[in-house]
Amino acid sequence: MATRDALWAYRDEFGDAFGRTYFRRFGPGVASSVGIGTYLGDPTAAVDDAYREAIGLALRSGVNHVDTAVNYRCGRAERVVGEAVRDSPIDRDAVVVTTKGGFLPFDGERPADPAAYVRDRFLGAGIVDADELANGAHAIAPDYLEWSLDRSLDRLGLDAVDCFYVHNPETQLAARSREAVYDRLEAAFEALERRRVAGDVGAYGVATWDAFRVPEGDDRYLSLAEVLARAEAAGEAVGRGDDHGFEAIQLPFNVAMADAFTRRNHRPPDAGADPISALEFAHEAGLSAVTSASIGQGELAREGAIPADIDATLAGETPAQRALNFARSAPGVTASLVGASDLDHVRENVAAGTFDPLGASAFDAVFE
């Protein structure tokens, strides 16, 4: 896993090339506030090659936060991430590697009959029970998540990951009550606490799409306070006390999806306290907040995609850089992920980090 000394040494090697606060606290040390994601792209050898080169360039250029998931690109994304990290001249312990488990993954390509694949590969083999599934392809049962983590470590070819996210737990709300989902998260966290003790994960968290940014009454909503309370209970249950491993959340945030900053939908533990935003809650709770879809999966990289009044306040030479700097400028954001399998896009994203982010007051002014 990444170590404090190696992360700080990476920062010392690259820090002078970037703006203030480019490197921010994450895990045992610091990591780049621009991270490289691996979600998009066809499951082909050509895309594998492109991602492998892109991740290698990113690591050599000052980006040491790499994000993936067991199901991305039919499982090929993890293999490529592992190859790029292992082959890099940058030491493994200077790189933050994160992955996710929740969705049932394919193995290298999309099967002709996905439903039959799930029946044969997962249900028939006893990897997951049918009553644990939501939407036919999502599970957060402890045994399944442990299988998923083992699968991820095998595909990555690494001994451990720095953060393992439970992936889109709000998917489970389609099949069961909110309270039942919280119960399942607590059970999942207990399993991940044990894997943390075993040294397989440095920390764990929750990666969401809707859960933390929709209104409280929405069918897809999950409470950050309750999720954190379940992690605290999991730590107690396995004898860790207050030293639980729930350290990060991941959620969408960009110019067009700013709910994580603007919507006050999470109630602090203090009785009677007014609701606050997901980013503010994470900051006050000491959680790292990692943004996904930071440039809207490429949509915000087009000229004119960012509203002119907001665009004028942002630093960067290109729309993509300005969109990325918007995301990582929000108070409470630890890192902003942007997918890249093109070397020129990697260089463009890295260059976004040479600009100083907006201050909190300037960011607030964008929404006045």
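I will try to describe carefully the structure that is included in this document. (Residues numbered from 1 in each chain as written. Predicted model: local features only at pLDDT ≥ 70, side-chain atom pairs only at ≥ 80, totals over all residues. Heavy atoms only, no water.)

Considering the overall build of the protein chain
Of the regular secondary structure elements, the protein chain holds 13 helices and 10 strands. For 368 residues, the compact-globule estimate of 2.2 N^0.38 gives 21 Å, and the protein chain sits close to it at 19 Å. Put simply, of all contacts in the protein chain between residues at least 6 apart along the chain, 75% involve residues at least 24 apart. In the protein chain, 35 positive and 60 negative side-chain charges are present, and the distance between their average locations comes to 2 Å. (Helix = DSSP H or I, 4+ residues; strand = E, 2+ residues; numbered from the N terminus. Rg over C-alpha atoms; globule rule 2.2 N^0.38 Å. Contact = heavy atoms within 4.5 Å. Lys, Arg positive; Asp, Glu negative; His and termini not counted. Charge placed at Lys NZ, Arg CZ, Asp CG, Glu CD.)

Structural notes on helix H1 (residues 4–14)
Think of an α-helix as turning once every 3.6 residues; residues three or four places apart then point the same way. Turning to H1, its buried residues number three or more, namely Ala6, Leu7, Tyr10 and Phe14. Buried residues along H1 cover an arc of 100° about the axis, so they all sit on one side. The exposed residues of H1 that point more than 90 degrees off its buried face are Asp5 and Asp12. Next to the buried residues of H1 lie strand S1 (23–26), strand S2 (29–32), helix H2 (45–61) and strand S5 (96–101). (Buried < 20%, exposed > 50% of the residue type's maximum accessible area, 1.4 Å probe, protein only. Arc of directions from axis to C-beta.)

What to know about empty space enclosed by the protein
This model, assessed by the stated rule, comprises 2 cavities of 30 Å³ or more. Reported here for the largest cavity is a volume of approximately 50 Å³. Along the walls of the largest cavity sit Val34, Gly35, Ile36, Ala58, Val63, Val338, Ala340, Val346, Asn349 and Val350, which together make up its complete lining. Of all the secondary structure elements, the ones that give two or more residues to the lining of the largest cavity are strand S3 (34–37) and helix H12 (343–352). Put simply, the second largest cavity is a space of about 40 Å³. Residue lining of the second largest cavity: Pro105, Phe106, Asp107, Tyr117, Arg121, Phe122, Trp147, Arg151 and Arg155, and that is the complete set. Among the elements of the structure, helix H4 (114–123) and helix H5 (142–156) are those that each provide at least two residues to the lining of the second largest cavity. Residue composition of the lining of the second largest cavity, grouped by class: 5 nonpolar, no polar and 4 charged. (1 Å grid on protein atoms, 1.4 Å probe; cavity = no way out; pocket = protein on both sides within 12 Å on 5 of 7 lines; lining within 4 Å. Points joined across faces, edges and corners; volume = space filled by probe spheres on them. Nonpolar A, V, L, I, M, F, W, Y, C, P; charged D, E, K, R; others polar.)

A word on the pattern of salt bridges
Under the counting rule described, the total for this entry stands at 33 salt bridges. Between Asp48 and Arg76 there is a salt bridge, with its nearest N and O atoms 2.9 Å apart. Residue Asp48 is located in helix H2, and its partner Arg76 is located in helix H3 (residues 76–87); the two are separated by 28 residues in the primary sequence. With its nearest N and O atoms 3.3 Å apart, the salt bridge here joins Arg213 to Asp259. Of this pair, Arg213 sits in the loop between strand S7 (204–207) and helix H7 (224–237) while Asp259 sits in helix H8 (residues 259–262), placing them 46 residues apart in sequence. (Salt bridge = Lys/Arg side-chain N within 4 Å of Asp/Glu carboxyl O.)

Section: the packing of helix H11 (residues 319–329) against H12
Between H11 and H12, whose axes approach to 9 Å, the crossing angle comes to 45°. Judged by the angle between their axes, H11 and H12 are oblique. Relative to H12, the crossing made by H11 is right-handed. Between H11, through Ala320, Gln321, Leu324, Asn325 and Arg328, and H12, the contact on the second element is made entirely by Glu348, Asn349, Ala351 and Ala352. (Axes fitted to C-alpha atoms, helices over the stretch in contact; angles between N-to-C directions. Parallel < 35°, antiparallel > 145°, perpendicular 65-115°, else oblique. Left-handed = near helix turned anticlockwise from the far one by under 90°.)

Brief notes about the packing of aromatic side chains
Any aromatic ring pair is given by two values, namely how distant the centres are and how the planes are angled relative to each other. Across all of its chains, the model carries 14 aromatic pairs by this definition. Here the aromatic rings of Tyr22 and Phe23 are separated by 4.9 Å at their centres, their planes lie at 90°, and the arrangement is edge-to-face. In this structure, Tyr22 and Phe23 share a single accessibility class: buried. Ring geometry for Phe253 against Phe326: centres 5.6 Å apart, planes inclined by 15°, an arrangement best described as stacked. Of this pair, Phe253 sits in the loop between strand S8 (246–252) and H8 while Phe326 sits in helix H11, placing them 73 residues apart in sequence. Feature note: the residues Tyr10, Phe14, Phe18, Tyr22 and Phe23 constitute an aromatic cluster, connected by ring pairs. The ring of Phe122 has Arg121 lying over it, and the distance from NZ or CZ to the ring centre is 5.7 Å. (Phe/Tyr/Trp six-rings, centres within 6.5 Å; stacked < 30°, edge-to-face > 60°. Lys NZ or Arg CZ within 6 Å of the ring centre and 35° of its normal.)

Describing the layout of surface pockets
The space that makes up the largest pocket amounts to roughly 860 Å³. Lining the largest pocket are 36 residues, with Thr38, Tyr39, Leu40, Gln297 and Gly339 sitting closest to its centre. The calculated volume of the second largest pocket comes to roughly 380 Å³. Taken together, 21 residues make up the lining of the second largest pocket; nearest its centre are Arg24, His283, Gly332, Val333 and Thr334. For the lining of the second largest pocket, the secondary structure elements donating two or more residues are S1, helix H9 (278–285) and H11. Counting residues per element, the lining of the second largest pocket draws most heavily on S1, at 3 residues. Of the residues that constitute the lining of the second largest pocket, the class distribution is 8 nonpolar, 9 polar and 4 charged.

Thoughts on the nonpolar core
The tendency in soluble globular proteins is for nonpolar side chains to be buried side by side. Residues Phe189, Phe212 and Phe246 are the most contacted members of the largest nonpolar core, which totals 98 residues. For Phe189, the contacting residues outside a window of four places in its chain are Val166, Tyr204, Val206, Val227, Arg230, Ala231, Ala234 and Phe246. Counting 11 residues, the second-largest nonpolar core is a separate cluster that includes Leu7, Cys163, Tyr165 and Leu337. (Core = buried A, V, L, I, M, F, W, Y, C linked by side-chain atoms within 4.5 Å.)

Let's talk about the environment of Ile306
Counting through the fold element by element, Ile306 comes out in the loop between strand S9 (288–292) and helix H10 (308–311). Spatially, the C-alpha atoms of Ile306 and Val95 are 32 Å apart, while their sequence positions differ by 211 residues. In this structure, Ile306 is in contact with Val255, Leu300, Asp311, Leu314, Pro319, Arg322 and Ala323, ignoring residues within four places of it in sequence.

That's the geometry; what it means functionally is another story.
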